[in-house]
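Inside the fold
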Amino acid sequence: MFLRTRPTDTLLSFATLFFSGGTLVCCALPILLVSIGLGAGVAYLTNTFPWLVALSRYKHWTFAISGVYLLFTAWLIYRPGRSCPTDPELARLCQRADHLNRIVLWVAVGVYALGFFFAFLWFPLRQWLGL
């Protein structure tokens with residue numbers, strides 16, 4: 001039997017959170033700040049972190065790559081045939097790591113969904129509602 005959650009799975013989960021957080025910072029945060037009248041905050045962010053402009057310019061690619069990464073991580077965590085070792089101590093550690101990986105994955109999915117909403121749906125929704 002092999003470990004249900006290997007160290008690479010945990011690293012992959014945290015990398016997924018990093019990538020989905022990148023979509024939030026590059027695309028959702030600037031749109032939210034401008035929408036609530038804090039355009040100076042966006043100017044400060046883009047001046048301090050100029051790479052945000054490049055990420056925002058290619059937001060379709062940013063979201064596509066992050067989405068594929070999320071799907072791959074979900075597959076690794078939920079794929080069939082995974083099991084924890086029979087040793088009680090290793091089984092407890094394995095289940096704990098698996099639980100942490102699932103939490104990190106779902107936080108990353110939530111961050112990605114929030115970023116997607118603000119990057120692609122926020123302005124059309126505001127226009128449709130007449131705000």
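Report on the accompanying structure. Here the residue numbering is sequential within each chain, running from 1 through the sequence in written order. Selection of residues for local features in this predicted model requires a pLDDT of at least 70, selection of side-chain atom pairs for listing and counting requires 80 or more, and totals for whole chains, interfaces and linings are taken over all residues. Hydrogen atoms and water are omitted, and side-chain values are computed over all heavy atoms in the structure.

A closer look at the nonpolar core
Think of a nonpolar core as a cluster: buried Ala, Val, Leu, Ile, Met, Phe, Trp, Tyr and Cys residues, connected wherever their side-chain atoms sit within 4.5 Å. Three labels apply to residues, based on accessible area from a 1.4 Å probe with only protein chains included: buried if under 20% of the type maximum, exposed if over 50%, partly exposed otherwise in between. Formed by 13 residues in total, the largest nonpolar core has its most connected members in Cys-27, Phe-63 and Leu-70. Among the secondary structure elements, those contributing two or more residues to this core are helix H1 (7–35), helix H2 (39–48), helix H4 (59–78) and helix H5 (88–129). Secondary structure elements follow DSSP: runs of H or I no shorter than four residues count as helices, runs of E no shorter than two count as strands, and numbering proceeds from the N terminus. Take this core: its biggest share by element is four residues, from H5. In contact with Leu-70, other than residues within four places in its own chain, are Thr-16, Leu-105, Ala-108, Val-109 and Tyr-112. It only takes one pair of heavy atoms within 4.5 Å for two residues to be counted as in contact.

Some details on the packing of aromatic side chains
Side-chain rings of Phe, Tyr and Trp (the six-membered ring for Trp) are treated as a pair once their centres are within 6.5 Å; stacked means planes under 30 degrees apart, edge-to-face means over 60, and tilted covers the remaining angles. One pass over the full model with this rule turns up nine aromatic pairs. Centroid distance Phe-63 to Phe-120: 5.1 Å. Interplanar angle 70°. Geometry classified as edge-to-face. Of this pair, Phe-63 sits in helix H4 while Phe-120 sits in helix H5, and the two are 57 residues apart along the sequence. Pairing Phe-118 with Trp-122 gives two aromatic rings, centres 5.2 Å apart and planes at 55°, and the pair type is tilted. Taken together, the residues Phe-118 and Trp-122, both in helix H5 and four residues apart, mark about one turn of the helix. Each residue in the set Phe-63, Tyr-112, Phe-116 and Phe-120 is aromatic and connected to the rest through ring pairs, giving one cluster. Stacked on the ring of Phe-120, the Lys or Arg Lys-59 has its end atom at 4.9 Å from the ring centre. Between the NZ or CZ atom of Arg-79 and the centre of the ring of Trp-75, over which it lies, the distance is 5.6 Å. Lysine NZ or arginine CZ positioned within 6 Å of the ring centre and within 35 degrees of the ring normal marks a charge as sitting over the ring.

A look at the side chain of Thr-73
As for its placement among the helices and strands, Thr-73 is situated in helix H4. Among the residues examined, Thr-73 registers a relative accessible area of 1% and is labelled buried.

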